[in-house]
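Structure assessment
The chain contents come next:
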Amino acid sequence: YRFFGEPVVEACVENGASCIDISGEPQFLEGMYLKYNERAAEKGVYVIGSCGFDSIPADMGVLYTRDKLKGTLTAVESFLSVKSGPEGLGVHDGTWKSAVYGLADEANLKKLRKQIGYAPVPVVGAKLKKRGFMFYSPEFKEYCITFMGSDGSVVKRTQRYLYTELQETPVQYGAYVTVGGLGSVIKLMFLGMLFLLLVKFNFGRKLLTKYPEFFSAGCFTKKGPTQKQMDGTSFTMTFFGEGYSEGQDLQNGKPNVKICTEVKGPEPGYIATPIAMVQAALSLLEDTASLPKRGGVYSPGAAFSKTKLIDRLNKRGVEFSVISKPEV
């Protein structure tokens, strides 16, 4: 999307057509907001980014968790687990390239956000503690790391919109991914340090994009996954939410209600992503009365929070459910 996405957005806005994409690149998504939000609003069209695995499960999962809690949800942590079969995991190198160019250009993302001048969102309830980059989770009996994808930035944009435009209580959010046992951690640390070193230099970026299979231990390839790999892969995203029961003071005292929900589905990139994208498109076409009143550039949660998108996904294999009921 960094290289090829903008002409599509520009053409759609200029010609009065709504559009969705499956980008997981915060710089592209937020750049389109800066450039086209006002024009899209004038034209009455909706430009909705990240309508694939990045970031519908996370963004709609937070809203689902909020709606299932009896009380006020103030903080959520999500944990992504991807399970593969005997054939292992396979991802096309387009996703790899997005990560390479995104990390290399991080400084410009910071400049872009300053240019947008996001309004600060208040912290409601107890402040969500930020975890270390790597930690052991007793719930999953696995090591976890901070999720480096776009979920965090997309959820924050949704929460900012819901707070500023609809006066809804903003939810704090932390995104993590399970990585397995100690052996997986050592391998990941080695590959991660090598990646972060090479991505800083033009020569290093050329190496990373030329030999994705070597630098990702076989995960990312120029061919993408085989059918057997896709058939054997699935994802689960677990959400641990906390908040305050009705009548509790949100600013004084500890959260006294907890809830656990999950979103699960088939292989994320090539099966779950098209399901999410098509159902988002159907919501855009058919749930028009429930969309934001004016056009613009939106995150999925901002656009679809009042629509039937979650019901649509549930019927097609991307399933949202409550794992443990709220307990005081």
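Parameters and conventions
Residues numbered from 1 in each chain as written. Predicted model: local features only at pLDDT ≥ 70, side-chain atom pairs only at ≥ 80, totals over all residues. Heavy atoms only, no water. Helix = DSSP H or I, 4+ residues; strand = E, 2+ residues; numbered from the N terminus. Rg over C-alpha atoms; globule rule 2.2 N^0.38 Å. Buried < 20%, exposed > 50% of the residue type's maximum accessible area, 1.4 Å probe, protein only. Contact = heavy atoms within 4.5 Å. Areas by Shrake-Rupley, 256 points an atom, 1.4 Å probe, with all protein chains shown as cover. Salt bridge = Lys/Arg side-chain N within 4 Å of Asp/Glu carboxyl O. Core = buried A, V, L, I, M, F, W, Y, C linked by side-chain atoms within 4.5 Å. Pairing = 2+ DSSP bridges. Phe/Tyr/Trp six-rings, centres within 6.5 Å; stacked < 30°, edge-to-face > 60°. Lys NZ or Arg CZ within 6 Å of the ring centre and 35° of its normal.

For the chain, an unreviewed UniProt entry supplies the name SCPDL oxidoreductase and the organism Vidua macroura.

1. Let's talk about the overall build of the chain
A count of helices and strands for the chain gives 13 helices and twelve strands. For a compact globule of 328 residues, the expected C-alpha radius of gyration is about 20 Å, and the chain comes in at 20 Å, within 12% of that figure. Taking the principal axes of the C-alpha coordinates as reference, the chain spans close to 55 × 50 × 40 Å. Per-residue burial for the chain yields a buried fraction of 47% across its 328 residues. In the chain, 81% of the contacts between residues at least 6 apart in sequence involve partners at least 24 apart. Total accessible area on the chain stands at roughly 16700 Å², and carbon and sulfur atoms take up 57% of it.

2. Comments concerning the pattern of salt bridges
Opposite charge on two side chains permits pairing when their charged atoms draw close. Counted by the stated rule, this structure contains 15 salt bridges. Here Arg66 makes a salt bridge to Glu168, at a shortest N to O gap of 2.6 Å. Of the two residues, Arg66 is situated in helix α3 (residues 56-68) and Glu168 in the loop between α6 (151-166) and β7 (172-180); the sequence distance between them amounts to 102 residues. The partner of Asp93 in a salt bridge is Lys222, and the shortest N-O contact between them spans 3.5 Å.

3. A word on the nonpolar core
Ile48, Ile56, Met60, Phe304, Leu313, Val318 and Phe320 are the most contacted members of the largest nonpolar core, which has 46 residues in total. When residues of this core are assigned to their parent elements, the largest contribution, six residues, is made by α3. Residue contacts for Phe304: discarding those within four places in its chain leaves Ile48, Cys51, Met60, Ala280, Ser283, Leu284, Leu291 and Leu309.

4. Structural notes on the sheet that holds strand β2 (residues 46-48)
In space, the three strands of this open sheet follow the order β1-β2-β11, with parallel pairing throughout. Of all the strands in the sheet, the pair left with one neighbour each is β1 (19-20) and β11 (296-298).

5. Overview of the packing of aromatic side chains
Scanning all chains against the criterion turns up 17 aromatic pairs. Relative to Phe28, the ring of Tyr1 lies with its centre 5.3 Å away and its plane at 40°, an arrangement referred to as tilted. Here Phe28 lies in helix α2 (residues 26-43) and Tyr1 lies in the segment before α1 (6-14), a separation of 27 residues in the sequence. Since its relative accessible area comes to 34%, Tyr1 is described here as partly exposed. Taking relative accessible area as the criterion, Phe28 reaches 7% and is therefore assigned buried. Taken together, a centroid distance of 6.2 Å and an interplanar angle of 80° make the contact between Phe79 and Phe135 edge-to-face. One end of the pair, Phe79, is in strand β3 (residues 72-83); the other, Phe135, is in strand β5 (residues 134-137), with 56 residues separating them in the sequence. We note that Phe79, like Phe135, is buried. The structure contains a cluster of three or more aromatic residues connected by ring pairs, namely Phe79, Phe135, Phe140, Tyr176 and Phe240. The ring of Tyr176 has Arg131 lying over it, and the distance from NZ or CZ to the ring centre is 5.8 Å.

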